Each structure stands twice: as C-alpha cells, then as structure tokens.
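# An overview of the molecular structure
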Amino acid sequence: MGYTNKSNKMYAAAAALAVTASAVAPIAANAATPAVASIVAPKHIVHYGGFQTAVKKLSFPSTVKVKLSNGKYATRSVTWEKPSFQSQYMNKYQVLEGKVEGTSKKAYLKLLVKDYIIDVSGTVQVEQGKAQDTVTATVTSKSGKTYQRQVAVSGINSSTVGHKGSAAFEYTAGKNQVLTGSFEYAVVENKKAAEYKRWVAVVEEKTAAYEAAATKVAATPSAELLKAAQEAEFKLGGLNAKDKADFQARLDKAAAEIVKAEAALATPEVKEVKAINLKQVKVTFNKELDAVTSVNTANYLENGTAIGLNGTAELQEDGKSVIITFTNAKAQNTAFSYKVTGVTTKDAKTIADATFSTTFADAAKPTVTKTEYKAGKVVLTFSEPLATAPTTLRVNGNPVNAGFVTGSNQQQVEATVALSANTTANLYAAGGVDAAGVTMDLYNGSVNVPASDVTKPHVVSATQVSQNVVRFVYNEALGTSAADLVSGDVKVLKGATVYSHVGTGVSPTISVYKNTIVDPTGKTFDVTVDLDGTTNGDGIFASGSSSQALTFLIDAGLVADAAGNQNDAYTTSVTLVKDSTGPVFASSKVNTGKTQFELSANENLVAGTLSNIIVTDAKGVRYPIVAGTGETEVVGKVLNVDLAATGAVLDNGTYTIKVPAGTVTDALGNTNAEFTTTVTVGAAADSAKPVAAISNSGNNVFRVTYTNAISGTVDEVGSSALLASNYKLDGAALPAGTDLYFTSPARNVVEIVLPSNSINIGAKVAGTNAVLSVSGVTDLAGNVVDTTSGTVKVADNTAATLQSAQLLADTLVLTFSENLDDTTDHANITTLLNDLEIKSGNNVFVAAAVLPGTTAATATSTISGNKMTINIVGGDSNWSTVKTGTLTVKTDGALIEDANDIVVKDGVSVTVAK
C-alpha cells in the first residue's frame, strides 16, 4: 500500500531546514564591539507528523537573542543542525545545536517530534451493496505500533460478490497529519442479504410442502412474500433502507404465519415421557393443554395403574408439558411404563393415547433453585426433594439451626433468623442429599428480604386428583398454621344441598390436607370429600353415574398469607369422575433368598386368577406357577411369583414374567393391565463401588467407614483412602498436618485427626457443623467411591494471641487476634495479675502497697470483641513507678479465653504503646 503527499500541504525536509540569513549587517570586529556573553535559549518546539505527511511546516527560529558583555541584548542569526525522524526519537525531546553569528558559543533548541502514522495497510473486506465511505484498516506508526482505525475511502464498487479492486483513501492522523494513497479490497456477501436468502429458502420449502399436502397455509401473505423475494433476489445487496425494512417485515410475518400454520396442522400428540429424578416424570406434548384434564392423575397410568394419590400432576408455564411428582422415590436404575390417556388440548381436541417407557436414574446433584425470606425465616427451595437436609446453614457467616419446612416433601429447608427489610443476606449451605444419595455442592448465595406484602391470597386452580379428592392451589404460600386452609374452611354444594365439615368418621367429612409432599412451597391443599361418613362409598356419585359436578365454597377471611392479607370469598365448580383404573406394577426383582420373584404395584392388590402368570427363561423354557400361602400369592402391594413348592433356589439366568390383564384387582375391583418384566438371577464379579459413611469420633476427629454397595459388608480400600487430597473440609483442602490412618487390619475405616491451630470456629465443647467430603478412593477391585459428603463437628483449637497493648493514663487496652469470652471473670486485681505479667524492665507491677498500712492497687476489666480494657487505680503500690518505664505485658495464666472458650496463648509478650 503506498501514499503520496497531500497537495499544497506537504513539504520536503531539505526545504524545512533552509538557513535563514540575518537581515542585520555584520558588525566589524574591533575592540569597540561588545562580545556575546550568553545566548538566550529559544522556546521548545513540538512537531506533529513526519517530514512528508505533516500539514503544518516544521520551521526553526532564524535568530536568537544574545546578551552582550556591556549588559545589553541583541539579535544574532543562527544555523541549526538537522533533526532526526527515527523511531527511537519519537515522543522524546532531542536537543538541536545552533551556530550563532559572531560567536563561538552555541545555541540549543529542544524539539519534540510526536509519533506519527507512516502506513495504512491490509486487504479490506466490504459487504455487497453497501455504500462504503469509510473502512476499518490497520495503520502503523513510526514507532512500530499498529491500530485499527476508520479510514475515509472512495472508488469502491460493491455490486458483485468476489470482486476485487483498488480504492483511494485519505486518513487524518491526529493533529496536522494527513496520509493519502490506495489499498486493496474484496467484496463479500452482504450479511443481511444472506439472511434474507435463507428465509426465502425456508419459506419456499415450507410452502411447497404444504401445497404438496393440498393444504392452504396463509395463502395471500405467503404469495406476496415469494413474489417480493423473486423480484428482489437479484438486487438484495442494493436495496435501499425502505425496501430492506419492507422486505424484512414481509419475511418476519410469513415466518410467524408458517410457525402458526405448522402448529395448527400438527396432530395433537404426546412427544415424550421422561424421568427427571427419582421422584418426578416430565410429560411433553406438542399442543397447549386443557388445565383440568392435563393435571388429572387418573389420566396417567404407571405400569397400567393410574397414579391417583401416589402422585400429583402440575401443568408447566409453557402450557405444553406436565410434571408428575410421586409421593415415594423410585429405585435407582428401574424402568417403568407410562400411558397417557384422556388428556385434551386447550381447544378441546383429543390427544391420542400413548405409552412410553423411562428409566429412573438420578446422578444429578440437588441444587438451590430459590431463596426466600418470609415470616422471619430464611427458606431454601431445592431442585428436587431431599433425603437429608443440609447439615450446615450459615446466614451472614453465622451458623443457624435449619430443618425441613413442614409438609414440603423435604424440598424446602428453613431457619429462623431476624433480618432487616429491604436488605440482602449472604447464605452458605452444605450437606443436603437427595433421594438417590447424591450430595449437593457447597452453596454460596444470598436472600433478599422483601418489603411489605399487600396482595391477597387466592386460589389459582382447583382440579380432581382422585375419585373424591380435589386439589386447590393458591397464588402464594399462606402464613402460619393458624392462617392455613383447614378442615371446616371448605363447604360443598351438591344439587341444592350445602355440606359442611362435621368431623372424621361422621357425616359429612370434608377434610383439608396441606400437601407439601407434592408442593414444598406450601401453596397446595387437598380437599377430600365424603358425604356419607361411615357408609360405604363417598356419597358423591349417583347410582350408575360415573361423574358428578360439585361446587366448592370458601368464605372470606378464613385464610391469610405471611403478611396477614386475608382472602376474598371463593366459589368454583369441579366435575368429579369416578375411579375406574386398576393397579399398576411398578418394579420387579428376585427376593433375598433367590426363591421367588417380587412384583410391586402402586396400590394394595386382591388376588384374581394367579395361574395365568407365565414365566419363561432365556432358552424359551416355560415354568408352571405354584400358588398358595408362602408361594405365589398377593401380600399388600406385592405379587410373589414362585416356581417350586419346596422353596428351591432359582437357577441363575434371565426370566421373563408376564402377568395377563385381570390377574389381580384393586380394592374397588378394577383389574390390572397386562404387565411384562424381565428379572436376572445370579451374582456378577465385584463391580460394586465402595460406599463411604462419614461420622464423628470427636470434635476435629472424623471417621470414614467403607462398605460394599451391594452386600453392605466391609469393603477394604487401598492406600488412596489415606491421601489427604481425596478429602475436603467445607470445600477446602484438609489443613496441613492432618493425620489419616486405618483403625484396623480390615482397612475399611479411616480416622482423620485435624492438627492443633487449624480451626478457629465452633465452641470448644459443642463445636459447630462442617461438611467433610470424600472422592477418588478405590477399593481393591478398582471401584471408585461416589463423591460423598457428611456432617462433622469442628471446634476451635486455635488460641487467641495477644497482639498489642496501649496505655492511656491509667487505662491499659489489650488487643487479641480473636474475640474474647466476655464472661471471663476478673473480679479483682489478684486474678488479673495471675493471668497477666505487667512490668517495666525488672520492676514487676504488684498490687500490694509499698509501705505497710497504705492503700493497695485495684483494677477492673471489661471485654468487648477482641479488646480487654483494664482500669488501674495504683493506690500506694509500685504502679506509678512501673508505668513510667518501658512497659511490657505478657500472658501468664489460664483464665482469659477466646469466644469459643479456648485459653489464650501463654507466654506472649508485647511492648505497651503510650
């Protein structure tokens, strides 16, 4: 890339440095002419630009001012040496020497040449159809620095993609410098044009597909769009701003209509059923759903049996998915079949029945998804129900007592702690374990304390969840238990009769249960209706009828939220449908003695025709069923299948068990759907991971016991169990010096002993909770333990240290490294001086009077934080002498303790500041 001088603005260095002759005639040299005594330095010069590209000419003074020997000043002509424009002189002053007329003395001129641009380089890419007045190019300065700068250009032809050419540029570089020249450019595809073409292709493809299906889809807008696209396609890069905006609007409109049309044309269906943890399944549809049928658990069958009261269904915000939450967790790595039936779309279209299978396998760690502060409590909501609550919870660094929120299905924990409104508190939580035994990561977060609440609580949905149970969901959690919805708050209107709750076992019973198992937020209540009391049945359905409309009424002022806002009166109608769903088998396994198969259902079973059960091994051999007590029979929710009356052990192998429809029923006589399962009998090689159980042997002493995951017996582990790096305490490495050892030759129990001076939290006796985690430990078969965490107790084993002391008059202030126990007793000066040695040189302060019969010294002490303040009344003791010297204080006793009841470090001496 080259450049040329800008016309009428550039100059050559030689011209710039031409010597200007003096206009004053020379003075003859004789004794009468005064000599030059000194030369006045001219003002320094700052120059912007080089010798070719600068706009402002670099010129030097042609004369200098001199002082003559007679004390007068005169002007003399001067000739300067040439300056340097090399990179090492950029942005630095150089001193030029000048020869002055009529004297051998030299003149000196300071010159600062600013760094200047010498080149504009690089091949520039320009987009097709864009008017290019400027481009981004690389500019290089004399000192070698490079910059990306906007450069004015002309002569670019951007009409054709791939075209290459040369364009003129003019670049103004800071003050008084302009570069001109030319550079190379290449034309690339216009990004917006490419996007237009992509949309055109999409529209054409979709329209062709719809036409092939003889379906009319947004005919007029689509046709207009395609016509505009065909007309504009050849000049996409050259569209003006108005045309571009119009064309984009057409594309956007057509795209939205196509999406809408696709949705309208699609047949309503179930897209997926998938377990998301051990207690929840997500059902995904391709259409927005009806709010009633989508949450009716009678419409979801697990292994042929309706979920019913064993779970709840909740429609998600997208309107197209439902999450089913089960009362009890499923076993890890177990498969279930789910049938979706009876669910309708928002516009009342029927969704075809669909059956899916899914496996419950949860390895994900539970996480904190929400933090709240309400009714004086910090509440943490987790991503899934927990089996073990977090063992450690700290608010603003202070340990607090935390427990599960009652009725939250162990998906929420709470702690009572006073926090100011409109503030943010820091939170730390650790040790929570989910139903799969997976421990949460350490949580560091915050909670916002809200302002006052003025919104009234109200019911947002009321849906049937079983034959005589309707679930009410509020917009927010209600307040204390006294403000909850309870039995007696709900009345039922059937026909012209209003029923009010009388009590359990009498007529009628309209009981309310706060269902925090399915909704840990506390917003969900199940209302069970029994209009006949002790009579068989619930009195809801007329003879021969399978449905009944009931109206539910809640009077105003019966419930309130945490802020005390009371409800308005509420009325809603729900049509209940009679239960006609049979039991569903959920799991299968071989029993402990390997003599029977155990098939578990979702509800209690009643035996039907058990002889219909078919068992076949992998070789195709069919086995007869032996029925009877202790053999093939129904026990509660379990169907035991036996192949031998003698209780013989089953041969190793794989068996397929088929339970035909009608083999068993539920208590209402509803029969099971056909169920087929596969069970493997036999032991494999040791592939079971060691399981770590964490406990305390004492404060700061921990024990980790390893067992086999399958047998539960001792699992010997290798030397990796003694590596400190495989353990973490509150997420950090174990303190240096921690001792780890096996407690017996069985090598399955590791004792971990923390060193002294490694912990400074937790009272000496009670201690405080911390989280110990283990990972990376292997057994002798090479199986690696899952990362496991457990709660342990740590206690302060670090003594506070005296750091400094100051004397103010007769008040001695001692500062320690930690807060002190403010209950430490120093009731008199004797106990105080047993703990502290106060002296000046060899002169030790003692309380006794110097002379018999005079007044002894007294002292009082107070503790605040890490400071001990001692007020001394010297009396006739040696205090007045001691305090005047170089005073020192040394800890020398066992009464002063830190806030965790640890005695301060003994024998520490400091010099007292005065």
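All values reported here derive from a predicted model rather than from experimental measurement.

### What about the pairing of strand β20 (residues 334-340)?
Residues T334, F336, Y338 and V340 line the buried face of β20, whereas the alternating positions A335, S337 and K339 sit on a face that is not buried. In the sheet, β20 pairs with strand β21 (residues 354-360) via 7 bridges, with the strands oriented antiparallel. Residue pairing in the sheet places V340 in a bridge with A354 of β21.

### Considering the pairing of strand β12 (residues 164-172)
Burial along β12 is one-sided: the residues G165, A167, F169 and Y171 are buried and none of K164, S166, A168, E170 and T172 is. Of the strand pairs in this sheet, strand β11 (residues 146-154) and β12 are connected by 3 bridges, and their pairing is antiparallel. Counted as the bridge partner of V153 is F169 from β12. Here β12 pairs with strand β13 (residues 178-188) via 9 bridges, running antiparallel. Across the sheet, residue E170 finds its bridge partner in β13, namely T180.

### Details of the packing of aromatic side chains
Here the structure, examined in full by the defined rule, presents 12 aromatic pairs. Aromatic side chains Y338 and F360 sit 6.5 Å apart centroid to centroid with 65° between the ring planes, which places their arrangement in the edge-to-face category. With Y338 in strand β20 and F360 in strand β21, the pair connects residues that are 22 residues apart, well separated along the chain. On the accessibility criterion, Y338 (3% relative accessible area) is buried. When the centroid spacing of 5.7 Å and the interplanar angle of 75° are considered together, the rings of F472 and F552 count as edge-to-face. Highlighted residues: F472 in strand β33 (residues 469-474) and F552 in strand β38 (residues 547-554), separated in sequence by 80 residues. Judged on exposure class, the residue F472 and its partner F552 are both buried. An aromatic cluster is defined as three or more aromatic residues linked by ring pairs; in this entry it consists of F326, F336, Y338 and F360. The ring of Y93 has K110 lying over it, and the distance from NZ or CZ to the ring centre is 4.6 Å. Sitting over the ring of F326, K330 keeps its end group 4.2 Å from the ring centre.

### A short note on the sheet that holds strand β54 (residues 739-742)
The strand order β50-β51-β55-β54 describes an open sheet built from 4 strands, whose pairing is antiparallel. The open sheet terminates on both sides in strands that have one partner only, identified here as β50 (690-698) and β54. Each strand of the sheet is rotated relative to its neighbour by a mean of 20°, with strand direction disregarded. Pairing analysis gives 8 bridges linking β50 to strand β51 (residues 701-708), with the strands arranged antiparallel. Bridge pairing in β51 links G698 to V701.

Each value, and the rule that gives it
Residues numbered from 1 in each chain as written. Predicted model: local features only at pLDDT ≥ 70, side-chain atom pairs only at ≥ 80, totals over all residues. Heavy atoms only, no water. Buried < 20%, exposed > 50% of the residue type's maximum accessible area, 1.4 Å probe, protein only. Helix = DSSP H or I, 4+ residues; strand = E, 2+ residues; numbered from the N terminus. Pairing = 2+ DSSP bridges. Phe/Tyr/Trp six-rings, centres within 6.5 Å; stacked < 30°, edge-to-face > 60°. Lys NZ or Arg CZ within 6 Å of the ring centre and 35° of its normal. Axes fitted to C-alpha atoms, helices over the stretch in contact; angles between N-to-C directions.

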